[in-house]
Amino acid sequence: MPAAIPSDGHGPDILVAGGGLAALCAAIAARRTGASVWLVDAAPDTLRGGNARHGRNLRVAHDGPTAHVPDRYAVTELEADLRRADPGADPQLLHRLAMDSRDVPRWLAAQGVAFQPHAAGALPYSRRTVFLLGGGTAMVNALARTARRLGVRVLHETTVEEVAPGGHAVLRAREGRAEVCARAIVACTGGFQANRPWLRDAFGCAADGFVNRGTPYATGRVLRALLDRGAAPVGHATHAHLVAVDARAPADDGGIVTRADGMAWGLVLDRDGRPVRDATHETGSARYSGWGRRVAACPGGLAHVILDNAGVARLGRRVYAPRTMADTDTLAQTLGVDPARLAATLAREGPAGGPPWHVLSIRPGITFTGLGVRVDPDGRVLDRCGAPVPGLFAAGMIMAPAVLGGRYLSGTALTVCAVFGRRAGEAAARHAHA
Amino acid sequence: MPTPDTMILDEARRQMTVCVVCKYCNGYCDVFRAADRRPALSDADLLFLANLCHHCRNCWYACQYRPPHAFAVALPAALARVRVLSWRRFVGLRPSPGGLAGLALAATLLVPLLAVLLVPAETLFATHRGPGAFHAVIPRDAMVWGAALAILGPVGWVAVAMVRFWRAIGADTSGPQVAAAVPLALRDIVTLRNLSGGGAGCNDRDDAASGARRRAHHLVLWGFLLTVAATLAAAGAHHLLGMRAPYPWISAPVLLGTTGGVALLAGVAALAWIKHRADPAPEAPETRTAEWTLLAVLGAAAASGLALLVLRETAAMGMLLALHLGTVLAFFVTLPFGKMMHAPFRALALLRAAIDRQETARPHARPQDP
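Residues numbered from 1 in each chain as written. Chains lettered and ligands numbered in written order. Predicted model: local features only at pLDDT ≥ 70, side-chain atom pairs only at ≥ 80, totals over all residues. Heavy atoms only, no water.

Details of the overall build of chain A
Logical step 1: Per the secondary structure count, chain A includes 12 helices and 17 strands.
Logical step 2: The globule rule puts the C-alpha radius of gyration for 434 residues at 22 Å, and the 23 Å found for chain A is close to it.
Logical step 3: The 434 residues of chain A split such that 61% are buried.
Logical step 4: In chain A, 75% of the contacts between residues at least 6 apart in sequence involve partners at least 24 apart.
Logical step 5: When the 50 basic and 38 acidic side-chain charges of chain A are each reduced to a single mean position, those positions are 3 Å apart. (Helix = DSSP H or I, 4+ residues; strand = E, 2+ residues; numbered from the N terminus. Rg over C-alpha atoms; globule rule 2.2 N^0.38 Å. Buried < 20%, exposed > 50% of the residue type's maximum accessible area, 1.4 Å probe, protein only. Contact = heavy atoms within 4.5 Å. Lys, Arg positive; Asp, Glu negative; His and termini not counted. Charge placed at Lys NZ, Arg CZ, Asp CG, Glu CD.)

Dropping the structure here:
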């Protein structure tokens, strides 16, 4: 038995796999019922929190203004918005999500999470979302502290390799493997966006151009294990939430600041110098994911945004400054395309103010994948016949494709994680006590 | 070849650029909201932002880009380095941390040494009672002229540095703008609003919310101001009422000085405890000696002042008086070169931030949902 994995003869009541928002909520909720809980996170303590580290806001229904969110956003309105974004969404889960979202800010605050007062004026106006004070990492810090204080046993740098009905799991730490028998397992390990071979299976060679915006520990290993054990799949492996990011972004964990912009007022060219057009002309936040899909469809998963001086000024401050080319020939040389054809394209469709030209190269940035496991509103994993698999629960992005399979609405991922994490943790604890 | 100053400023600019794009920390303090209005992040902007930073460390613990992330954003340390740079640049001189500590120690010991050398032992180690007892040990003229020289020089130097700093960060403001913003800045100073973490408290020791450092700093600030008030009250008693020190227990100088001294000592002890126990990861190690030096000088001044009060009717009074005057001398001679420069420069940075807030307070259209 590896030293990092406790070997006191028996496993915990509840084993929570994962370390993000759903995992933390499940662990806290289960522990608060009195169950013994292990939280098993593949990431080291310094990179804990899964993709919640990069989160910012949660979409919640509310009947009137509070300190953290103005105006009103009725449950029915949230439910309708979600259904419009994903007409195929599971109606039972959708209803649970919308109903429970109302209590999310109160419950998270009770676990130590701080929200930003909207009256402070430092936020973009939003009646649909509450903003985390300090962002997702601050939330993760607060929840991890609460979990530890309550007595949740946290195992970092430990991977859940296998899960089986009845609550059996195989864990691997640096020192070796160990079998653990819990009364229930809550799988909160998200999608497979950090798993290159699986991405290549799903997206073909376009996947080689993907940049993972979040945690490098989202390997999808538990998702695969659940599907192999008979869990019903939901969503599609070929779906993903993509946004256009700067091509210089780090391979993982680039988060919010690498997101690219300027496509709407510049000319976007693919690797071979052919214009990439946006027939939708979206200007809201949907433009980010629209361009994510579009650049994913480009050869090599690469495109270039060409801006003139006015376009760069409109861009504002960026983490990665655009590269500036004095003339069209230099631009053609840099992009490796035919100068005459590029000049013609720019004359026909380019921004009017150049040269000089400013170039931002962009790639598809993957936020989460679209294949998950089917669960009931209490997070019980369902098999292909719709029956619960005993002792197996799932929450967060691993089951989110059932409700977020369509267009992404800001703040919904964290809400799914908080709502179903808490529900699954409580249901797993009931199962363990039964 | 970039100079060390250029490297410090460029590194702060690189990190702050991530902050300006990310914006997650905007709820914590004025630094991020001020940076939002200055996306160009010029050198002057960074000098301003660094002095606006109260070093609450919330942004370190909340940062998704802190080490080991490749972006390696470590803003508390980066801004601490720019602060020290700004003090050196506008004061024109900054000794090494060891030199600063040595200067403080030398000044503290200088007065007792002079007392031993110049005051006859039978006077220095005698028991003196009643009005005029202090001046029986150290003549009034020596004390007044010594104090004038020790205080006016450093305070004048600091004033010049403040003018130069304001020229760098506030040259584009008008008199009426400044006048309108002064009450806001004063309120920020006396409440330490920027140490509230946007309502969540600060990360004094680790990622747990805490109000301890803010409370300790309040004790230091108000204790310090009370001791200044005690000094002014003593001068008033001397010149206006013709009274001679030491003053009775129930008198303005002694009551103010005792309250202030106790508050200052308690605050310094609490700050030292917090600093000692705090996670060092967010800190710039090379800025720490100056912080410890200031705490030591303030603590020594408060402790020796209180000891002088308690033991003023014993034979220890003479040397305690000399020691206390030595600590006060140490405070003033290190004033322009040490951590104490945070106070005048932060006051100016808060004033500049208050002007910006007023300018952008006009109601504007609602931006779209994010």
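Here we look at the overall build of chain B
Logical step 1: Counting its secondary structure elements, chain B contains 15 helices and 0 strands.
Logical step 2: The C-alpha radius of gyration computed for chain B amounts to 23 Å, which stays within 12% of the reference 21 Å derived for 370 residues, consistent with globular compactness.
Logical step 3: Dimensions along the principal axes, computed over C-alpha positions, put chain B at roughly 80 × 40 × 40 Å.
Logical step 4: When the accessible area of chain B is evaluated, it comes to approximately 16,300 Å², of which 71% is carbon and sulfur surface.
Logical step 5: Here chain B carries 34 positive and 22 negative side-chain charges, and the mean point of each set is 3 Å from the other. (Areas by Shrake-Rupley, 256 points an atom, 1.4 Å probe, with all protein chains shown as cover.)

Observations regarding the sheet that holds strand β8 (residues 176–181) of chain A
All names here are of chain A.
Logical step 1: Taken in spatial order, the 3 strands line up as β6-β7-β8 in an open sheet, and their pairing is antiparallel. The sheet is open, and its two edges are formed by β6 (159–164) and β8, each paired on a single side. For this sheet, the mean inter-axis angle between neighbouring strands, taken without regard to orientation, is 20°.
Logical step 2: Sheet topology note: the strand β7 (residues 168–173)/β8 ladder contains 6 bridges and is antiparallel. Bridging from a neighbouring strand, R172 pairs with R177 of β8. (Pairing = 2+ DSSP bridges. Axes fitted to C-alpha atoms, helices over the stretch in contact; angles between N-to-C directions.)

Focus: the domain arrangement of chain A
Residues and elements named next belong to chain A.
Logical step 1: When the domains of chain A are assigned, the result is domain 1 (14–239 + 371–433) and domain 2 (242–365).
Logical step 2: Computed over C-alpha atoms only, the centres of domain 1 and domain 2 are separated by 33 Å.
Logical step 3: Contacts between the two partners involve 12 residues from domain 1, matched on the other side by 18 residues from domain 2.
Logical step 4: When domain 1 packs against domain 2, the two sides together hide about 1,300 Å² of surface, and 54% of this comes from carbon and sulfur.
Logical step 5: When the buried area of domain 1 at its contact with domain 2 is split by residue, F210, V211 and R213 rank highest and sum to 50% of it.
Logical step 6: Counting across the interface, domain 1 meets domain 2 through 10 residue pairs in polar contact (both at pLDDT 80 or more). (Domains from an automatic or database assignment. Buried area = accessible area lost by both parts, 1.4 Å probe. Polar contact = N/O pair within 3.5 Å; in protein donor to acceptor, adjacent residues only side chain to side chain.)

Re the interface of chain B and chain A
Logical step 1: Facing the 35 residues of chain B at the interface are 43 residues of chain A.
Logical step 2: Interface area, chain B with chain A, both sides summed: about 3,000 Å², of which 55% is carbon and sulfur.
Logical step 3: In this structure, R145 of chain A engages D207 of chain B in a salt bridge whose closest nitrogen and oxygen atoms are separated by 2.8 Å.
Logical step 4: Among the elements of the structure, α1 (4–22) and α4 (58–62) of chain B are those that each provide at least two residues to the side of chain B that touches chain A. (Salt bridge = Lys/Arg side-chain N within 4 Å of Asp/Glu carboxyl O.)

Looking at the side chain of R346 of chain B
Residues and elements named next belong to chain B.
Logical step 1: For R346, the location among the structural elements is in helix α15 (residues 342–359).
Logical step 2: Separated by 2.9 Å, the side chain of R346 and the backbone oxygen of N51 make a polar contact.
Logical step 3: Residue contacts for R346: discarding those within four places in its chain leaves N51, L52, C53, H54 and R83.

A closer look at the environment of V190 of chain B
Logical step 1: Structurally, the position occupied by V190 of chain B is in helix α10 (residues 175–191).
Logical step 2: Dropping the residues within four chain positions of it, V190 of chain B is found in contact with H218 and W222 of chain B.

Observations regarding the confidence of the model for chain B
Residues and elements named next belong to chain B.
Logical step 1: With 97% of its residues at a pLDDT of at least 70, chain B reaches an overall mean of 93.
Logical step 2: Mean pLDDT per element in chain B: helix α8 (residues 133–137) is the minimum at 87, and helix α3 (residues 43–52) is the maximum at 98.
Logical step 3: Note on residues 364–370: pLDDT is under 50 here. Beyond four places in sequence and across chains, it has 18 contacts. (pLDDT = per-residue confidence, 0-100.)

Some words on the UniProt feature "transmembrane region" (unreviewed entry) in chain B
Residue and element names in this part refer to chain B.
Logical step 1: According to UniProt, the "transmembrane region" (unreviewed entry) feature falls on residues 98–122, 142–163, 219–241, 247–271, 292–311 and 317–338.
Logical step 2: Between the end C-alpha atoms of residues 219–241 there is a gap of 30 Å, over a span that is 91% helix and 0% strand.
Logical step 3: The distance separating the terminal C-alpha atoms of residues 292–311 is 28 Å; by composition the span is 95% helix and 0% strand. (UniProt positions renumbered as here; feature names shortened; annotations may be inferred.)

A short note on the pairing of strand β15 (residues 357–373) of chain A
Residue and element names in this part refer to chain A.
Logical step 1: Where burial is concerned, most of β15 is hidden: 16 out of the 17 residues are buried.
Logical step 2: The pairing of strand β10 (residues 211–212) with β15 spans 2 bridges and is classified as parallel. From the neighbouring strand, V211 faces β15, where its bridge partner is G365.
Logical step 3: Relative to β15, strand β11 (residues 233–246) runs antiparallel, the two sharing 10 bridges. By the bridge assignment for β15, P233 is matched with V373.

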